[in-house]
Amino acid sequence: AKYVAPFTDPDEAHRKLAEQFQQRTVRKEYLAIVVGNPDRDRDRIDFPIGNHPKYRERKALRSGHASSREAETFYEVEERFKAFSLIRAFPKTGRTHQIRLHLVHIGCAVLCDKLYGGRSQLTAGELRTLLRQKNLACELADEAVLLNRQALHAHRLHVTHPLTRQELEFTSPVPADMQKLLLVLREADI
């Protein structure tokens, strides 16, 4: 007898996975290096997100606006540094720019987030200035770029297999540039 998979139509599998996202049963985990240190080690941010009143490429925290939709993120501080933190973010909803906006809301913009944090890259010299440490990462020239993108990484995803109903976990390692920056920040805390 020939085996026939119950999902011969890939669209059906896709639909079932999409339903998981819509029903918010998918668990997502992001890692972010942020500027500053949150007041709390963990908390829930529950603030609606809508269209920005002036800039089309941006979103904004907007309660009661016609474009607003609920948005909820739980976060935990993984590691604290002198002027930065490593945060694990667990968005419950999936709004555009949600994690970035919610972290700005608590006073901790994602590092190198030009849209919401004002800077698009970080050099060794800028880091020395921010930390007030002239000897930091002394092997790096001031103009050496430590990071030239948002310090936000989709780290882990939990879904249920649409056929077997088995829980699946997918993990993506922390990118090399973020790992290197974390090493420099740890060195600065010594």
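Refer to the preceding data block for the structure.
Right, let's walk through the structure included here. (Residues numbered from 1 in each chain as written. Predicted model: local features only at pLDDT ≥ 70, side-chain atom pairs only at ≥ 80, totals over all residues. Heavy atoms only, no water.)

Our next topic: the overall build of the protein. Assigned secondary structure in the protein consists of five helices and 10 strands. When the backbone C-alpha atoms are referred to their principal axes, the protein occupies close to 70 × 45 × 30 Å. In the protein, buried positions account for 37% of the 190 residues. Summarising the internal contacts of the protein: among those between residues at least 6 apart in sequence, 61% fall at separations of at least 24. (Helix = DSSP H or I, 4+ residues; strand = E, 2+ residues; numbered from the N terminus. Buried < 20%, exposed > 50% of the residue type's maximum accessible area, 1.4 Å probe, protein only. Contact = heavy atoms within 4.5 Å.)

Core analysis: the largest hydrophobic core is formed by 32 residues, its most contacted members being I33, F84, L111, L127, L181 and L185. Residue assignment for this core shows that the elements contributing at least two residues are β1 (27-35), β5 (72-80), β6 (84-91), α2 (98-105), α4 (124-131), β8 (145-147) and α5 (176-188). Of all the elements, α5 adds the most residues to this core, at six residues. Not counting residues up to four positions away in its chain, the partners in contact with L181 are I33, L111, L122, L127, L146 and L147. (Core = buried A, V, L, I, M, F, W, Y, C linked by side-chain atoms within 4.5 Å.)

This part takes up the pattern of salt bridges. Scanning the model with the defined rule gives 17 salt bridges in all. Of the charged contacts, one joins R44 and E72 as a salt bridge, the two residues approaching to 3.5 Å between their closest N and O atoms. Residue R44 is located in strand β2 (residues 42-46), and its partner E72 is located in strand β5; the two are separated by 28 residues in the primary sequence. Overall, the relative accessible area of 22% leaves E72 in the partly exposed class. For D142, the salt bridge identified is with R128, shortest N-O distance 2.5 Å. Of this pair, D142 sits in the loop between α4 and β8 while R128 sits in helix α4; the two residues are 14 residues apart in sequence, bridging distant segments of the chain. With relative accessibility at 9%, the residue R128 sits in the buried group. One salt-bridge network, in which partners are shared between bridges, spans E29, E78, R88, R156 and E169. (Salt bridge = Lys/Arg side-chain N within 4 Å of Asp/Glu carboxyl O.)

Okay, the pairing of strand β10 (residues 167-171) next. Bridge count between strand β9 (residues 152-160) and β10: five bridges; the pairing is antiparallel. The residue bridging T160 from the neighbouring strand is E167, located in β10. In this structure, the hairpin formed by β9 and β10 is closed by a connection of six residues, where R165 is found at a positive phi of approximately 65°. (Pairing = 2+ DSSP bridges.)

Within the secondary structure, F84 sits in strand β6. Look at F84 and you get buried, because its relative accessible area is 1%. Sequence separation between F84 and V35 is 49 residues, and the spatial gap between their C-alpha atoms is 4.6 Å. Discounting chain neighbours no more than four positions away, the residues touching F84 are I33, V34, V35, G36, N37, L111, L127, L130, L131 and L185.

This next bit is on the sheet that holds β5. Here we have six strands laid out as an open sheet, ordered β2-β5-β6-β1-β9-β10, and antiparallel in their pairing. The two strands at the open ends of the sheet, each matched to only one other strand, are β2 and β10. Strand-to-strand, the axes of this sheet are offset by a mean angle of 20°, without reference to chain direction. Pairing of β1 with β9, which is carried by six bridges, proceeds in the antiparallel orientation. By the bridge assignment for β9, E29 is matched with R156. (Axes fitted to C-alpha atoms, helices over the stretch in contact; angles between N-to-C directions.)

Now for the environment of T25. For T25, the location among the structural elements is in the loop between α1 (10-22) and β1. For T25, a relative accessible area of 44% gives the class partly exposed. Spatially, the C-alpha atoms of T25 and H158 are 8.7 Å apart, while their sequence positions differ by 133 residues.

With that out of the way, let us pick up the environment of H97. Secondary-structure assignment places H97 in the loop between β6 and α2. Residues H97 and K59, spaced 38 residues apart in sequence, show a C-alpha to C-alpha distance of 6.9 Å.

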